[in-house]
Amino acid sequence: MWSTHMYSWSCVTVVLCGVKCRPLTTTTASSAKEGHNREGSESESESESESESESESESESESESESESESESESESESESEREVPTVSTALHCQPIVINDSLTCDIYSSTPFPLPGKRSSGGKKPVLLAFHGGGWTVGSSTVGIPGPLMLDAVCGGWLCVSVNYRLCVAPRRVRVGVSRDIDLMTLLVDCKRALAWVRENIAVVCGGDPECVVACGESAGGHISLCMALTANNPLYQPGFEDVDTRVQGVVDCFGVHDFMDEQGQWTIQKNIFGRPTKIVRFMKLFQEGIVRQNISENPHLWRQISPLQLLKDLPPSVLVPPIFGFHGIADSIVPIADATHFYEQLAIHRQEARIQGNNTGDVFIALPNAQHGFTTWPSLRSCAVSDGMMAFLNHLTRPRSSRQPTTTSSQ
């Protein structure tokens, strides 16, 4: 049932410096004169020939000086033309947006943004809504983002909206001027509000297509992206803007967190081989104290509301879950690979039940050997291969429905 998909890799971005190469030109000197006059010629003819040669040499020197001045002028004109050749590269345009007093985002595009009050002259661009990682406590719209993937999407004609949501603050990280009132549910409402803003304003502000929005994120951002897809139009997650359509057309899940209820027991491994608490146990303790703010035994219902696996299980088959492109490193030491495989196994079961009711939607999951947590932060052969797969997935979503072929759930 599970198989590995390999994609051919290519550079994340190739900047071609447009240097106009001038072909090498060789100047040919005038042919040498024929050999000396034969012996026995008269001295007068020799003197005449010498005077003629002197006059010819003077004329040749004048012609050579003229040719040199012409060649210099030509070289100067060619150098000026060389300097006028532009550099062939992709220019990225960024526009910061203030959604409200506590929520901002940065929008990236490969083409200039339309002027205020005017619509874009070209067609509407699909939108990649990116949520940064950082354990819900650190990061920003420019830190903790899957940079190579976002860059490929922008160069491929997509608008990329990077959300700067409010962060949860762990007790030991409280600073002056930082609110302690932000828990994970409040954070999800912030991200849902950003999605609502995109659906209502992206067409006018940036010429984007509000009917083609794909959520994307790595680590904590992957968790947020899945929650956006699994809580579409749920009034619990959008207080004050319940009437806004908050559906997304797809999800790119980069090694996100899926199971907060720990159905597989992956979060309860207490000690490592050295007898010390594992990173996972320390992370879950921080998660419980500073992010959710409530113990799982005291309020399990709240934990189900923020866990993608439980949100998926609570959905009836009649509810259409958008296509998901997910990948996870087998060597991930922060979020166990079993957390991801169990989620996509349950997603496959949900798809089978949905197909009985006529919903023929598929997903892609890739388990990457030897890949660690956060490998998409920097360009590498592995991140480039994953980016190729992501772009194939995104291009599949933008095709007309009549020409689409259903994808399949796959992994290793």
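Source: prediction; values computed, not measured. (Residues numbered from 1 in each chain as written. Predicted model: local features only at pLDDT ≥ 70, side-chain atom pairs only at ≥ 80, totals over all residues. Heavy atoms only, no water.)

### So, the overall build of the chain
Part 1 of the argument: Along the backbone of the chain there are nine helices and eight strands.
Part 2 of the argument: Here the contacts in the chain between residues at least 6 apart in sequence split such that 77% fall between residues at least 24 apart.
Part 3 of the argument: Of the accessible surface of the chain, which amounts to about 21,900 Å², a share of 52% is contributed by carbon and sulfur atoms. (Helix = DSSP H or I, 4+ residues; strand = E, 2+ residues; numbered from the N terminus. Contact = heavy atoms within 4.5 Å. Areas by Shrake-Rupley, 256 points an atom, 1.4 Å probe, with all protein chains shown as cover.)

### Overview of the packing of helix H2 (residues 147-155) against helix H9 (residues 381-398)
Part 1 of the argument: Their axes nearest at 9 Å, the elements H2 and H9 cross at an angle of 40°. Classed by the angle they form, the pair H2 and H9 counts as oblique. Between H2 and H9 lies a crossing of right-handed hand. Listed contacts from H9 to Pro148, Leu149, Asp152 and Ala153 of H2 are Ser383, Ser387, Met390, Met391 and Leu394.
Part 2 of the argument: Across the contact of H2 with H9, the residue classes tally to six nonpolar, two polar and one charged. (Axes fitted to C-alpha atoms, helices over the stretch in contact; angles between N-to-C directions. Parallel < 35°, antiparallel > 145°, perpendicular 65-115°, else oblique. Left-handed = near helix turned anticlockwise from the far one by under 90°. Nonpolar A, V, L, I, M, F, W, Y, C, P; charged D, E, K, R; others polar.)

### So, the pairing of strand E3 (residues 125-131)
Part 1 of the argument: Taken across its seven residues, E3 has seven buried, putting it largely inside the fold.
Part 2 of the argument: As defined by bridge partners, E3 adjoins strand E5 (residues 208-218) across six bridges and the pair is classed as parallel. Each bridged residue has a counterpart across the sheet, and for leucine 129 the counterpart in E5 is alanine 215.
Part 3 of the argument: The pairing of E3 with strand E4 (residues 159-164) spans five bridges and is parallel. The residue of E4 that forms the bridge with leucine 129 is valine 161.
Part 4 of the argument: With respect to chirality, the unit in which E3 leads through H2 into the neighbouring parallel E4 is right-handed. (Buried < 20%, exposed > 50% of the residue type's maximum accessible area, 1.4 Å probe, protein only. Pairing = 2+ DSSP bridges. Right-handed = clockwise from strand over helix to strand, strands pointing away.)

### Description of helix H8 (residues 337-356)
Part 1 of the argument: Helix length check: H8 (20 residues) gives 30 Å between terminal C-alpha atoms against 28 Å at 1.5 Å per residue, within 8%.
Part 2 of the argument: Of all the positions in H8, only Asp339, Ala340, Thr341, His342, Phe343, Tyr344, Leu347, Ala348, His350, Arg351 and Ala354 are classed as buried.
Part 3 of the argument: Turning to H8, the residues buried within the fold contact helix H4 (220-230), strand E6 (250-254), helix H7 (308-314), strand E7 (324-329) and strand E8 (364-368). (Expected span 1.5 Å × (residues − 1).)

### Regarding the sheet that holds E7
Part 1 of the argument: The eight strands lie next to each other as E1-E2-E4-E3-E5-E6-E7-E8, forming an open sheet whose pairing is mixed. Looking at strand neighbours, the two that pair on one side only are strand E1 (93-100) and E8, the edges of this open sheet. Between one strand and the next, the sheet's axes are offset by a mean angle of 20°, whatever the strand orientation.
Part 2 of the argument: In terms of strand pairing, strand E2 (residues 103-109) meets E4 through five bridges, oriented antiparallel. Each residue of the ladder has a partner; that of aspartate 106, found in E4, is serine 162.
Part 3 of the argument: Most of the contacts of H2 go to E4, to which it runs at about 145°, and overall it touches E2, E3, E4, E6 and E7.

### Considering helix H3 (residues 184-206)
Part 1 of the argument: At glutamate 200, H3 shows its strongest bend, of approximately 55°.
Part 2 of the argument: Where H3 ends, the next residue or the one after it, glycine 207, has phi of about 70°, a positive value. (Bend = angle between axes of the 7 residues up to and from the residue.)

### Quick word on the pairing of E8
Part 1 of the argument: Counting buried residues in E8 gives five out of five residues, a clear majority hidden from the surface.
Part 2 of the argument: Of the strand pairs in this sheet, E7 and E8 are connected by five bridges, and their pairing is parallel. Note on E8: the bridge partner recorded for glycine 326 is phenylalanine 365.

### Quick word on the confidence of the model for the chain
Part 1 of the argument: Residue-level pLDDT values for the chain average 76, and 65% of them are 70 or greater.
Part 2 of the argument: Of the regions scoring below 50 in pLDDT, residues 1-47 engages in 57 contacts with residues more than four places distant in sequence or in other chains.
Part 3 of the argument: Counting contacts from residues 78-89, a segment whose pLDDT is below 50, to residues more than four positions away or on other chains yields 14 contacts. (pLDDT = per-residue confidence, 0-100.)

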